[in-house]
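# Structural features, examined
The primary structure of each chain is shown beneath.
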Amino acid sequence: MAESAETAGTAPLWAVVLLPVVLTVVALAAAGFDAVLSAGAEHGRGAGRGARTLRAAVAPVREGIALLARQRRRTTADDAALGRIGIALVPLAAVLAAAVVPWGFRAVTDPVVGIVWFNAMEALAWAAVWLAGWGPNSVLSLIGGYRFLAQGLAYELPHMFALTTAALGAGSLRVGEVVRAQQGMWFVVWMPAAFAVYLLSACAMAFWGPFGHPLGRDVAGGVVAEYSGVDRLLLLGGRWLLLVATAAFSVPLFLGGGHGPLLPAWAWTVLKTAGVLALLIVGRRLVPTLRMERYMEFAWLVLVPLTLLQALVVAVVVLNR
Amino acid sequence: MSLELFLLLAAALFSVGLFGALTQQSIVMLMMGLELMLGGVILAAAAVWHYVAPAATDGQVLVVLAVTVMAVEMAIGFAVVTALFRAREVDVTDEAAELKA
Amino acid sequence: MPDVAVFWALGALAVVSGVMVFRFDSMARATYALLLSLLCVGGLVIVLGLDYLGVVVVLMMTIEMAIMAVFMVMYMMNPAGLMPMSMLHNKKGAAVLCTLVFLLLAAGIVLAPWPKRSGRPADDPTKALGTALMGPHILTMMTLGFALFATIVATVVLATRRGRYDRFGDDLRARTADDPVRGGVGR
């Protein structure tokens, strides 16, 4: 493999501008794929299937533009400043987290503590969702915000252990080093539990799919209940950005980053990210919405011991290497 | 930038936090003052590490200690407030003292 | 020097938002002002060359303040600050005392003969911290571990209203716990 010489590089400065664009495009593609699956499940096979699929694929774009044209909504005695900070922080945190994700072997930035940075940005998005729920002075959106806080307490600890396990395997908190350590064997091979837990928490921190309870129908949309127009677009779009960022980060952590035969490194990254996203999007149809207290007990009684055992196994292997 | 500037900043944070801890009646607000004071301690420890003894790790260990103290302080503080509120429907310092058995 | 600009920007923001913590009427605003102040502290710690500890401060304080906001809203009678009211006592005395403390600290800081910088930071301060905590400072680490564990136990004991007799019956014979909220593992 020729690429080993150029591992752990930093992209040129224009990548800073490119990153949000790429992230948005991937998010639109993922949302389009999700909409196509939904349309297929609703109508089944039949006449006009092709046209329907096409319509569904561009539905996220259409919805986004429609939201841009819609007016924002204000509620009485709202805390507009905090609400808007919360809304803006969700996509911003997703982009900041994605800054350490290497595409191929180059990330926008590759700090020494990249993994901790990624985790900190996710935590920021978590706190931001509560702010967005607090903003409109509405019961339903505040309930949504509280639900996400409780959900965070459930997923955050196993998630941190999963991240730690990957860092432990590489002996470094730098994402580039983690990728380099997987040249021979992907981490997913000997850290399957950590990978599975990571995928679960990727959905959970994007409050998406089975973990979409904070935006549940039973609370009329929860956090987004009172938002319309650009606010709603930023929150719902930021959710997709978060999902894409976390799914993409699983590639350097567990799936060998850009390592792979024949194809160039960037192509492998794109392929693997698309694979993880497709897995999540298809998989979410098989799982019902999880209430946070259910997941809480499962996370603390099953996932935390599981990830700790996984970390122990990895630590023993690393020590004997 | 110098050690003195960093320490002055830390002292300012510490004093503001102290003001909050002394004036606030609500126990939870009082704890926010404590957190701010500990924030000043973290900054001072990091500054001393950087400007005085970067070769030793004691400054870093002190930061770890302060961060842990913050977490412990918050957890125990909220647990005490919860227990207090459950027993006496009280969440301000003055009343907690007056109702002393 | 970009570092100097960052120092002044973060430093000013830290102090201003620290003051605003006690001026805001809304508890959500107060909590997140404190978060902003502590995030600035984390940024300054990174400026000082401690990347790991700085990011950890950012991570921990974000999580801590998000949880704190819940309790602030829960225990304040006027969490959104829609009806402004003062919850202060002994304002004047405290102001005098804090000014005195600051002046005393400042005098000490300015007048003290600080030693010259000795040695260079390790190439990887994070690794140095790790080896220190696992080596010469292992006692600190173990004390912290026990303190945290004791905190977990104490917090649960203080905060919960229900004991094992409520959950498993007077003779502790019930096979499944009787909890108001059902969990996710077979209950």
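Quantities reported herein were computed from a predicted structural model and do not represent experimental measurements.

Before going further, it helps to spend a moment on the overall build of chain A. For chain A, the helix and strand inventory stands at twelve helices and two strands. In terms of overall size, chain A behaves like a compact globule, its C-alpha atoms giving a radius of gyration of 20 Å where 321 residues would be expected to give roughly 20 Å. Its C-alpha atoms give chain A principal-axis dimensions of roughly 60 × 45 × 40 Å. Here chain A, with 321 residues, has 53% of them falling under the buried criterion. Sequence-distant contacts in chain A: of pairs separated by 6 or more residues, those separated by 24 or more amount to 81%.

Turning next to the overall build of chain C. A count of helical and extended segments in chain C gives seven helices and zero strands. The N-to-C order of helical and strand elements in chain C reads α-α-α-α-α-α-α. Whereas a compact globule of 187 residues would reach a radius of gyration of roughly 16 Å, chain C reaches 23 Å, over 25% beyond that. Along the three orthogonal principal directions, the C-alpha set of chain C runs to about 70 × 55 × 30 Å. Residues classed as buried in chain C amount to 33% of the 187 residues present. The contacts in chain C between residues at least 6 apart in sequence include a share of 48% that link residues at least 24 apart.

The subject of this paragraph is the domain arrangement of chain C. What the domain assignment lists for chain C is domain 1 (1-82) and domain 2 (125-174). For domain 1 of chain C and domain 2 of chain C, the distance between their C-alpha centres works out to 26 Å.

Looking now at the confidence of the model for chain A. Per-residue confidence for chain A averages 85 on the pLDDT scale, and 96% of its residues sit at or above 70. Considering only residues more than four positions removed or in separate chains, one finds that residues 1-7 of chain A, a stretch of pLDDT under 50, has nine contacts.

What follows is about the interface of chain B and chain C. Facing 58 residues of chain B, the contacting portion of chain C comprises 68 residues. Of all the secondary-structure elements, those providing two or more residues to the side of chain B that touches chain C are α1 (3-23), α2 (27-51) and α3 (58-88) of chain B. Here the side of chain B that touches chain C gets 19 residues from one element, more than from any other, and that element is α3 of chain B. The class makeup of the residues in the side of chain B that touches chain C is 40 nonpolar, 13 polar and five charged.

Take the interface of chain C and chain A next. Counting residues at the interface gives 23 residues for chain C and 27 residues for chain A. For the side of chain C that touches chain A, the secondary structure elements donating two or more residues are α2 (27-47) and α3 (51-75) of chain C. Each residue belonging to the side of chain C that touches chain A can be placed in one class, and the counts come to 16 nonpolar, five polar and two charged.

Before going further, it helps to spend a moment on α3 of chain B. The periodicity of an α-helix, 3.6 residues per turn, causes residues three or four positions apart to be oriented the same way. Helix length check: α3 of chain B, at 31 residues, gives a terminal C-alpha distance of 43 Å against a target of 45 Å (1.5 Å per residue), a fit within 8%. Backbone geometry just downstream of α3 of chain B places Glu89 of chain B in the positive-phi region, at approximately 55 degrees.

With that settled, consider the confidence of the model for chain C. Interpretation of the predicted coordinates at a detailed level should be avoided for regions scoring low in pLDDT. Residue and element names in this part refer to chain C. Averaged over all residues, the pLDDT of chain C equals 86, while 92% of them reach at least 70. Mean pLDDT across the secondary structure elements of chain C bottoms out at helix α7 (residues 164-168), with 83, and peaks at helix α6 (residues 138-159), with 92. ipTM for the predicted complex: 0.87, alongside a pTM of 0.89.

Counting 193 residues, the largest nonpolar core has Ala125 and Val244 of chain A together with Ile42 and Leu43 of chain B as the members making the most contacts within it. With 18 residues, the top contributor of residues to this core is α2 of chain B. Ignoring sequence-local partners within four residues, the contact set of Ala125 of chain A consists of Leu89, Val90, Ala93, Ala94, Met205 and Leu242 of chain A.

Attention shifts here to the packing of helix α1 (residues 15-43) of chain A against helix α11 (residues 265-283) of chain A. Residues and elements named next belong to chain A. Contact geometry of α1 with α11 gives a least axis separation of 10 Å together with a crossing angle of 35 degrees. In this structure, the crossing between α1 and α11 has a hand that is right-handed. Together, Ala30, Phe33, Asp34 and Leu37 of α1 and Leu277, Ala278, Ile281 and Val282 of α11 make up the contact between the two elements. For the contact of α1 with α11, the residue count by class is seven nonpolar, no polar and one charged.

Turning to unusual backbone geometry, a few remarks are in order. All names here are of chain A. A positive phi angle, close to 55 degrees, is found at Asn137, a residue other than glycine. With respect to the secondary-structure elements, Asn137 resides in the loop between α5 (114-134) and α6 (139-170). Residue Asn137 is classed as partly exposed on the basis of its 18 C-beta neighbours within 10 Å. With a phi angle near 30 degrees, Phe207 is a residue other than glycine that sits in the positive phi range. Inspection of the secondary structure puts Phe207 in the loop between α9 (192-205) and α10 (229-254).

Definitions and limits used
- Residues numbered from 1 in each chain as written.
- Chains lettered and ligands numbered in written order.
- Predicted model: local features only at pLDDT ≥ 70, side-chain atom pairs only at ≥ 80, totals over all residues.
- Helix = DSSP H or I, 4+ residues; strand = E, 2+ residues; numbered from the N terminus.
- Rg over C-alpha atoms; globule rule 2.2 N^0.38 Å.
- Buried ≥ 20, exposed ≤ 12 C-beta atoms within 10 Å, placed from the backbone.
- Contact = placed C-beta atoms within 7 Å.
- Domains from an automatic or database assignment.
- pLDDT = per-residue confidence, 0-100.
- Nonpolar A, V, L, I, M, F, W, Y, C, P; charged D, E, K, R; others polar.
- Expected span 1.5 Å × (residues − 1).
- Core = buried A, V, L, I, M, F, W, Y, C linked by C-beta atoms within 7 Å.
- Axes fitted to C-alpha atoms, helices over the stretch in contact; angles between N-to-C directions.
- Left-handed = near helix turned anticlockwise from the far one by under 90°.

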